[in-house]
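Analysis of the macromolecular model
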Amino acid sequence: MAEFPVNTHRFDPYKNFKFRVVLDGRVIPGISKVSALKRTTEPVGWRSGAALSRLSMAPGKTRFEPITLERGVTHDTTFEDWANLVFNVQGDAAISLKNLRKDMVIDLQNLAGQTVLSYRVYRAWVSEYQALPDLDATDEGAVAIEQIVLQHDGWERDTAIVEPAET
């Protein structure tokens, strides 16, 4: 079976630099880096009463690693607004539990800009927010990067997205 059933001429895997992140129905501008989507299932050992010298393994709890999003600092306040739902700077209002957790979509695109893979991330919320990086007057070429770290309840591939025909 071909690795690419629709584009049988294709040999190379997809590149990792063309992607987009969708939150609240709109693409978040300027994201330059998304950390890996990773899950780990804990192995749980058990023994049978008839085979005390052998330990068998079974799947236990599954944990999803946090996702980090990075982008250059601009005047778009998407990261800051979301992070502020967890922490009220003024300290005079309660946390907005209704809007705190958000579903998010991460799309991987081919070089033509077609979505080739899509993942839905469920009930994400900001656990870390970095508004500015270390500032360094001696590094004239550096870009100021803002960053958020997201905790979430898991992710899954959107199987409705199929391999597009390349032209």
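Relevant structure appears above.
Just so we're clear, the structure is a prediction, and the values are computed from it rather than from any experiment.

A few words on the overall build of the protein chain. When helices and strands are counted, the protein chain shows two helices and ten strands. For the protein chain, the α and β elements follow one another from N to C terminus as β-β-β-β-β-β-α-α-β-β-β-β. Taking 2.2 N^0.38 as the reference for a compact globule, 167 residues should give roughly 15 Å; the C-alpha atoms of the protein chain span a radius of gyration of 21 Å, well beyond that estimate. Its C-alpha atoms give the protein chain principal-axis dimensions of about 65 × 50 × 40 Å. Evaluated residue by residue, the protein chain yields a buried proportion of 26% over its 167 residues. Pairs at least 24 apart in sequence give 65% of the contacts found in the protein chain among residues at least 6 apart. In the structure as shown, the protein chain presents an accessible area of about 11500 Å², 53% of it carried by carbon and sulfur atoms. Taking the 19 positively charged and 23 negatively charged side chains of the protein chain as two groups, their mean positions are separated by 10 Å.

Once that is clear, we can look at a nonpolar patch on the surface. A cluster of nonpolar residues, Val73, Leu132 and Leu135, forms a patch on the protein surface that exposes about 290 Å² of accessible area. Tracing the backbone shows leucine 135 in the loop between β8 (115-130) and β9 (145-151). On the basis of relative accessible area, leucine 135 is assigned to the exposed category, the value being 66%.

Turning our eyes to something else, we now look at the packing of aromatic side chains. Any two aromatic rings considered together are summarised by their centre-to-centre distance and by the angle between their planes. In total, this model carries two aromatic pairs according to the counting rule given. Centre to centre, the rings of phenylalanine 64 and tryptophan 155 are 6.1 Å apart; their planes meet at 75 degrees, and the pair counts as edge-to-face. Taken together, the residues phenylalanine 64 in strand β5 (residues 51-64) and tryptophan 155 in strand β10 (residues 155-157) connect sequence positions 91 residues apart. Ring plane angle 80 degrees and centroid distance 5.8 Å describe the contact between tyrosine 119 and tryptophan 155, whose orientation is recorded as edge-to-face. In this pair, tyrosine 119 sits in strand β8 while tryptophan 155 sits in strand β10, placing the two residues 36 residues apart along the sequence. A relative accessible area of 21% places tyrosine 119 in the partly exposed class. Put simply, the rings of Phe64, Tyr119 and Trp155 touch in pairs and so form one group of aromatic residues.

This next bit is on the side chain of glutamate 163. Here glutamate 163 is to be found in the segment after β10. Not counting residues within four places of it along the chain, the set of residues in contact with glutamate 163 comprises Phe4, Pro5, Val6, Asn7 and Tyr14.

Turning our attention to the pairing of β5. Note that strand β4 (residues 39-48) and β5 share eight bridges and pair antiparallel. Each residue of the ladder has a partner; that of glycine 45, found in β5, is methionine 57. The turn linking β4 back onto β5 is made up of two residues.

What follows deals with the side chain of serine 56. With respect to the helices and strands, serine 56 occurs in strand β5. On the basis of relative accessible area, serine 56 is assigned to the buried category, the value being 18%. Not counting residues up to four positions away in its chain, the partners in contact with serine 56 are Val44, Gly45 and Trp46.

Rules behind the numbers
- Each chain has its residues counted from 1, running along the sequence as written.
- Given that the model is predicted, a residue must reach a pLDDT of at least 70 before its local features are reported, and side-chain atom pairs must reach 80 or more before they are shown or counted; all residues, however, enter totals for whole chains, interfaces and linings.
- Processing note: side-chain calculations cover all non-hydrogen atoms of the structure and skip hydrogens and water entirely.
- Secondary structure elements are defined from DSSP: runs of H or I of at least 4 residues count as helices, runs of E of at least 2 residues count as strands, and each element is numbered from the N terminus.
- The quantity called the radius of gyration is restricted to C-alpha atoms. Its globule counterpart is 2.2 Å times the number of residues to the power 0.38.
- Accessibility here uses a 1.4 Å probe with only protein chains present; expressed as a share of the type maximum, an area under 20% marks a residue as buried, one over 50% as exposed, and anything in between as partly exposed.
- In what follows, a contact means two residues having at least one pair of non-hydrogen atoms within 4.5 Å.
- What sets the accessible areas is the Shrake-Rupley method with a 1.4 Å probe; for residues, cover comes only from the shown protein chains.
- Positive charge is attributed to Lys and Arg, negative charge to Asp and Glu, and no charge count is given to His or to the chain ends.
- Each charge is placed at NZ for Lys, CZ for Arg, CG for Asp and CD for Glu.
- Patch rule: a residue counts if its relative accessible area is over 30% and it has no salt bridge; like charges are joined within 9 Å, and nonpolar side chains (Val, Leu, Ile, Met, Phe, Trp, Tyr) within 5 Å.
- We define a salt bridge as a side-chain nitrogen of Lys or Arg found within 4 Å of a carboxyl oxygen belonging to Asp or Glu.
- What counts as a ring pair is set by centres within 6.5 Å for rings of Phe, Tyr and Trp (its six-membered ring), and what kind of pair is set by the plane angle: stacked under 30 degrees, edge-to-face over 60, tilted for all other angles.
- Any two strands between which DSSP finds at least two bridges are classified as paired.

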